[in-house]
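Next come the chains, spelled out residue by residue.
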Amino acid sequence: MVCFHLSPIPGSGLVLLCLVLGAVSSYALELNLTDSKKATCLYAKWQMNFTIHYETTSKNYTIVTISDFGNATYSGSTCGDYQNGPKIAVRFGSGFSWIVNFTKEVSTYSIDSISFSYDTNDNTTFPDAKEKGNFTVYDPVAFGIPLNDIFRCSSISTLEKNDVVQHYWDVHVQAFVQNGTVSTKEFLCDKDKTSTTVVPIVHTTVPSPTTTPTPKEKPEVGSYSVNNGSGTCLLATMGLQLNITQDKVASVININPNTTDFTGSCHSQTALLRLNSSNIKYLDFLFAVKNENRFYLKEVNVSIYLVNGSVFSIANNNLSYWDAPLGSSYMCNKEQTVSVSGAFQINTFDLRVQPFNVIEGKYSTAEECSADFDLNFLIPVAVGVALGFLIIVVFISYMIGRRKSRTGYQSV
């Protein structure tokens, strides 16, 4: 028998139990699997999403993010038997499935493997997909956990293979549950053992949902990069300040690069930089190629834990920022604002990015933003005006001196 429910993110105040499935993508998945005696044999609660990169019939590349599990079912999940170990099977959307297999040793059990399948015949999710069919990504995890311990990993974990990036966080799982009672003894992932620093959040009450507070300090500039196996394929240097408005309360978060992890992926037409920390589940910057000769920031996705326990999530895949020619970098030293939505903006400082054609891990020649160009243009103009004025003064002085000399000669 399978009894399961979807639980919302803490702070929303709502719990849906046993076969009542909501349609809100921020809900956590939760499975309580019982055996023939109605004793719990496997318990799991987690959050996840999937980013799939695919080619379209027009030979462009695009990315789709799967994060709505409102219609999820758990048919196929089993407690296991003498020949086969426990298994979590989740089916959702149109043709998606996600399966986790567990194995047992003498004193430990393992998350043995994770497989994810998707069907590009679904034109709604994969419009204009060039290659149609069912695809499966298999990851042999083989991660060991002490028997009778529950595994916990609040930090984000990433699996990347072929054209699929899988993200997991807020994970609680225990297979081979003893005596039907889920353990209270936790076995932490390595990231949770070391992740103790929380980025400070400054709250300011404002009269309207679109008003943001005045930042109190400039964020520290961080350097980020993505490696595709053969070398660095993406470079980014920037100070980031996040402006969030929720329930008429505006928050400012300065990202601390010293406590921020980064990952990503690079393809011929798109490149992804993902940041995450103890209170930022993910902050994605997706770059794309346009007209085969320029790149730009096309998409931003973000999900952040707020101090009141709620989760703020938003996405915009129709942006057009940081435009520059391929083979160059984009640079803007002055403060710049990326407006993702009315409730979320990103202020950047000392920005420089190059998501394509990175050579030997170094930035190429930069195309500067208009704000920097105006400043750089004014400086030589001001210097030129000053020099011109000085030349005029010298010339006038020379003419006055020369006239006085001629007057002296005539007197003699």
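Residues numbered from 1 in each chain as written. Predicted model: local features only at pLDDT ≥ 70, side-chain atom pairs only at ≥ 80, totals over all residues. Heavy atoms only, no water.

Enquirer: In this structure, what is going on with the overall build of the protein? I would like to understand it.
Expert: Each helix and strand counted, the protein has two helices and 26 strands in total. Here the protein, with 412 residues, has 44% of them falling under the buried criterion. Sequence-distant contacts, at least 24 apart, represent 56% of the contacts inside the protein between residues at least 6 apart. Roughly 20,800 Å² of accessible area belongs to the protein as shown, and the carbon and sulfur atoms make up 54% of that amount. (Helix = DSSP H or I, 4+ residues; strand = E, 2+ residues; numbered from the N terminus. Buried < 20%, exposed > 50% of the residue type's maximum accessible area, 1.4 Å probe, protein only. Contact = heavy atoms within 4.5 Å. Areas by Shrake-Rupley, 256 points an atom, 1.4 Å probe, with all protein chains shown as cover.)

Enquirer: Just checking my understanding: could you explain a nonpolar patch on the surface for this structure?
Expert: On the surface, Ile-392, Phe-395, Ile-396, Tyr-398, Met-399 and Ile-400 cluster together to form a nonpolar patch covering roughly 610 Å² of accessible area. Examined against the element boundaries, Phe-395 turns out to sit in helix 2 (residues 370-411). (Patch = residues over 30% accessible without salt bridge, like charges linked within 9 Å, V, L, I, M, F, W, Y side chains within 5 Å. Salt bridge = Lys/Arg side-chain N within 4 Å of Asp/Glu carboxyl O.)

Enquirer: I would appreciate a short explanation of the packing of aromatic side chains in the present structure.
Expert: Aromatic rings considered in pairs are described by the distance between their centres and by the relative angle of their planes. Applying the stated criterion across every chain yields a total of 23 aromatic pairs. Ring geometry for Phe-50 versus Phe-92: centroids 6.2 Å apart, planes at 15°, classification stacked. Of this pair, Phe-50 sits in strand 3 (residues 40-55) while Phe-92 is found in strand 5 (residues 87-92), placing the two residues 42 residues apart along the sequence. Using a relative accessible area of 3% as the deciding quantity, one classes Phe-92 as buried. (Phe/Tyr/Trp six-rings, centres within 6.5 Å; stacked < 30°, edge-to-face > 60°.)

Enquirer: Quick question: what am I supposed to make of the sheet that holds strand 6 (residues 96-104) here?
Expert: The strands making up a sheet associate through hydrogen bonds between their backbones, and the pairing can be parallel or antiparallel. Spatial strand order, 5-6-7-8: four strands in an open sheet with antiparallel pairing. Only two strands of the sheet have a single neighbouring strand rather than two, namely strand 5 and strand 8 (134-146). Recorded for the sheet is a direction-independent mean angle of 10° between the axes of neighbouring strands. Sheet topology note: the strand 6/strand 7 (residues 108-119) ladder contains eight bridges and is antiparallel. The partner of Val-100 across the bridge, within strand 7, is Ile-114. (Pairing = 2+ DSSP bridges. Axes fitted to C-alpha atoms, helices over the stretch in contact; angles between N-to-C directions.)

Enquirer: Which parts of the structure should I look at to understand the confidence of the model for the protein?
Expert: Detailed reading of the predicted model is not advised wherever pLDDT is low. Overall, the predicted model of the protein reaches an average pLDDT of 82, with 83% of residues at or above 70. The low-confidence segment residues 1-26 (pLDDT under 50) makes 64 contacts with residues lying over four places distant or belonging to another chain. Predicted confidence is poor over residues 195-212, with pLDDT under 50, and the contacts of this stretch with residues over four places away or in other chains come to 49 contacts. (pLDDT = per-residue confidence, 0-100.)

Enquirer: Honestly, the state of the cysteines in this entry has me stumped. Any pointers?
Expert: Two cysteines whose sulfur atoms are joined by a covalent bond form what is called a disulfide. The tally for this structure, following the rule as stated, stands at four disulfides. With a sulfur-sulfur separation of 2.1 Å, Cys-332 is cross-linked through a disulfide to Cys-369. Judged by the torsion about the S-S bond (70°), the Cys-332/Cys-369 disulfide is right-handed. Here Cys-332, found in strand 23 (residues 329-332), pairs with Cys-369, found in the loop between strand 26 (366-368) and helix 2; they are 37 residues apart in sequence, far enough to count as distant. Each member of the pair Cys-332 and Cys-369 is classed as buried. (Disulfide = S-S within 2.5 Å.)

Enquirer: When you look at the pairing of strand 14 (residues 221-227) in this model, what are you seeing that I'm missing?
Expert: For a regular strand, side chains alternate in direction, first toward one face of the sheet and then toward the other. Side chains of strand 14 alternate between two faces, with Gly-222, Tyr-224 and Val-226 buried and Val-221, Ser-223, Ser-225 and Asn-227 left unburied. Pairing of strand 14 with strand 15 (residues 232-246), which is carried by seven bridges, proceeds in the antiparallel orientation. Pairing of Asn-227 across the sheet is with Thr-232, part of strand 15. Hairpin remark: strand 14 followed by strand 15, antiparallel, with four residues in the connecting loop; positive phi at Gly-229, about 100°.

Enquirer: I tried to follow the pairing of strand 7 on my own but got confused; where do I start?
Expert: Judged by how many residues are buried, strand 7 sits mostly within the fold: 10 of 12 residues are covered. What sits between the antiparallel neighbours strand 6 and strand 7 is a turn of three residues. In this sheet, strand 8 lies alongside strand 7 in antiparallel orientation, the contact comprising 11 bridges. When the sheet's bridge partners are listed, Ser-110 is paired in strand 8 with Gly-144.

Enquirer: I would appreciate a short explanation of the side chain of Asp-170 in the present structure.
Expert: By the secondary structure assignment, Asp-170 is in strand 11 (residues 164-175). Looking at Asp-170, its side chain comes within polar contact range of the side chain of Tyr-305, at 2.5 Å. Look past the residues within four positions of Asp-170 in its chain and what remains in contact with it is Lys-45, Trp-46, Gln-47, Cys-153, Ser-154 and Tyr-305. (Polar contact = N/O pair within 3.5 Å; in protein donor to acceptor, adjacent residues only side chain to side chain.)

Enquirer: Honestly, the pattern of salt bridges in this entry has me stumped. Any pointers?
Expert: A pair can form between side chains of opposite charge whenever their charged atoms are brought close. Under the criterion given, the structure shown has eight salt bridges. Here Arg-152 makes a salt bridge to Asp-192, at a shortest N to O gap of 3.2 Å. Placement of Arg-152 in strand 9 (residues 150-153) and of Asp-192 in helix 1 (residues 190-194) is noted, with a sequence separation of 40 residues between them. The partner of Glu-367 in a salt bridge is Arg-294, and the shortest N-O contact between them spans 3.1 Å. Linking Glu-367 in strand 26 with Arg-294 in strand 20 (residues 294-305), this pair joins segments that are 73 residues apart in sequence. Since its relative accessible area comes to 30%, Glu-367 is described here as partly exposed. Salt bridges sharing common partners tie together Lys-290, Arg-294, Asp-323 and Glu-367.

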